[in-house]
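# Structure assessment
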Amino acid sequence: GENVEQHPSTLSVQEGDSAVIKCTYSDSASNYFPWYKQELGKRPQLIIDIRSNVGEKKDQRIAVTLNKTAKHFSLHITETQPEDSAVYFCAASPQPTSGTYKYIFGTGTRLKVLA
Amino acid sequence: KAGVTQTPRYLIKTRGQQVTLSCSPISGHRSVSWYQQTPGQGLQFLFEYFSETQRNKGNFPGRFSGRQFSNSRSEMNVSTLELGDSALYLCASSLVYGALAKNIQYFGAGTRLSVL
């Protein structure tokens, strides 16, 4: 069935270092890949997304890369700061013309940025 | 513009009872999805509604049900509650632009359900 695997489950980095979180999806119909950040006690918030016709997208310190052939996509955070500490979720969603807007989420990565 | 609103924010029930949770999407959004969030399992998809029709359902027992009203507000119901149903229940709404548009989901703050 549809599945998104996310690694690692926890990640600790020193402030200023980079962090990389990787996801693999199974449904070849997936064409939209958002990343959400959830701080403790708060709702998930979209931080960056990418569509299948793009290989990489950057937004300041955050970037996402997509390898559609291998069904891999990754989140890269550079120059990490303590406020980046949170749980990050990747997700895969099929094209809306398939008649669904369902997201399949990864199991999350708890990122700790050590000062 | 108001965000996604979920009520109530907290709920305590006992085993065997039933519960109804409510979600009001962002104005104009027609798609509403529900997720169960637990510490070990992440975000598990429950179901998705669009124009009052359930279009997708996750792998949850029939005790979990939902519906959507003509104003896009949605409710989910859990009958015969079990201890394992204790979780944060999140709903998310999407604005349906069209076939080539991105499907961005905006989350509510959730309802934390505790089953004793």
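It should be noted that the structure appears before, not after, this text.
Described in the following lines is the structure provided in the data block. Owing to the predicted nature of the structure, the values given are computational and were not obtained by experimental measurement.

## Describing the environment of L43 of chain B
Tracing the backbone shows L43 of chain B in strand 5 (residues 42–50). For L43 of chain B, a relative accessible area of 4% corresponds to the buried category. When the C-alpha positions of L43 of chain B and L90 of chain B are compared, they lie 8.6 Å apart, and in sequence the two are 47 residues distant. Excluding its chain neighbours within four sequence positions, the residues that come into contact with L43 of chain B are F89 and F105 of chain A together with Y35, Q36, Q37 and L90 of chain B.

## A closer look at the sheet that holds strand 6 (residues 56–59) of chain A
Backbone hydrogen bonds are what pair the strands of a sheet, in a parallel or an antiparallel way. Residue and element names in this part refer to chain A. The strand order across the open sheet formed by five strands is 1-3-8-7-6, and the pairing between neighbours is antiparallel. The sheet terminates laterally at strand 1 (4–7) and strand 6, the two strands that pair on one side only. In this sheet, adjacent strand axes meet at a mean angle of 15° when their direction is disregarded. Across four bridges, the pairing between strand 6 and strand 7 (residues 62–67) is antiparallel. Bridge assignment links K58 to a residue of strand 7, and that residue is A63.

## Description of the layout of surface pockets
A volume near 620 Å³ is recorded for the largest pocket. In terms of lining, the largest pocket is formed by 29 residues, of which the most central are Q38, L40, V87 and R110 of chain A together with Q37 of chain B. At the level of elements, strand 9 (86–94) and strand 11 (109–114) of chain A together with strand 4 (31–38) and strand 9 (87–94) of chain B are the ones that each hand at least two residues to the lining of the largest pocket. Ranked by the residues each element gives to the lining of the largest pocket, the list is headed by strand 11 of chain A, at four residues. Looking at the lining of the largest pocket, its residues break down into 10 nonpolar, 12 polar and seven charged. Along the walls of the second largest pocket sit 18 residues, with E2 and I104 of chain A together with Q44, F45 and N59 of chain B positioned nearest its centre. Mapped onto the lining of the second largest pocket, the elements with two or more residues apiece are strand 10 (104–105) of chain A together with strand 5 of chain B. Take the lining of the second largest pocket: its biggest share by element is three residues, from strand 5 of chain B. A breakdown of the residues in the lining of the second largest pocket according to their chemical character gives seven nonpolar, eight polar and three charged.

## Section: the sheet that holds strand 7 (residues 64–68) of chain B
All names here are of chain B. Across the sheet, four strands lie side by side as 1-3-8-7; this open sheet has antiparallel pairing. Single-partner strands in this sheet number two, and they are strand 1 (5–7) and strand 7. Across the sheet, the mean angle from the axis of one strand to that of its neighbour is 20°, orientation sign disregarded. As judged from the five bridges shared by strand 3 (residues 19–24) and strand 8 (residues 74–78), these two strands associate in the antiparallel manner. Along strand 8, the bridge assignment pairs L21 with M76.

## Considerations on the pattern of salt bridges
All names here are of chain B. Evaluated as defined, the whole model comprises seven salt bridges over all chains. Here D85 ties to R63 by a salt bridge, and the two come within 2.8 Å at their closest N and O atoms. Within this pair, whereas D85 is found in the loop between strand 8 and strand 9, its partner R63 is found in the loop between strand 6 (53–57) and strand 7, the two being separated by 22 residues in sequence. Overall, D85 belongs to the buried group, its relative accessible area being 4%. Connected through salt bridges with shared partners, the residues R63, E82 and D85 form a single ionic network.

## A look at the packing of aromatic side chains
For the structure on display, the rule yields 16 aromatic pairs over all chains. An aromatic cluster is defined as three or more aromatic residues linked by ring pairs; in this entry it consists of Y32, Y36, F89, Y103 and F105 of chain A together with Y35, F45 and F107 of chain B.

Rules used in this analysis
Residues numbered from 1 in each chain as written. Chains lettered and ligands numbered in written order. Predicted model: local features only at pLDDT ≥ 70, side-chain atom pairs only at ≥ 80, totals over all residues. Heavy atoms only, no water. Helix = DSSP H or I, 4+ residues; strand = E, 2+ residues; numbered from the N terminus. Buried < 20%, exposed > 50% of the residue type's maximum accessible area, 1.4 Å probe, protein only. Contact = heavy atoms within 4.5 Å. Pairing = 2+ DSSP bridges. Axes fitted to C-alpha atoms, helices over the stretch in contact; angles between N-to-C directions. 1 Å grid on protein atoms, 1.4 Å probe; cavity = no way out; pocket = protein on both sides within 12 Å on 5 of 7 lines; lining within 4 Å. Points joined across faces, edges and corners; volume = space filled by probe spheres on them. Nonpolar A, V, L, I, M, F, W, Y, C, P; charged D, E, K, R; others polar. Salt bridge = Lys/Arg side-chain N within 4 Å of Asp/Glu carboxyl O. Phe/Tyr/Trp six-rings, centres within 6.5 Å; stacked < 30°, edge-to-face > 60°.

Fair warning: the whole summary comes from geometry, so function is off the table for now.
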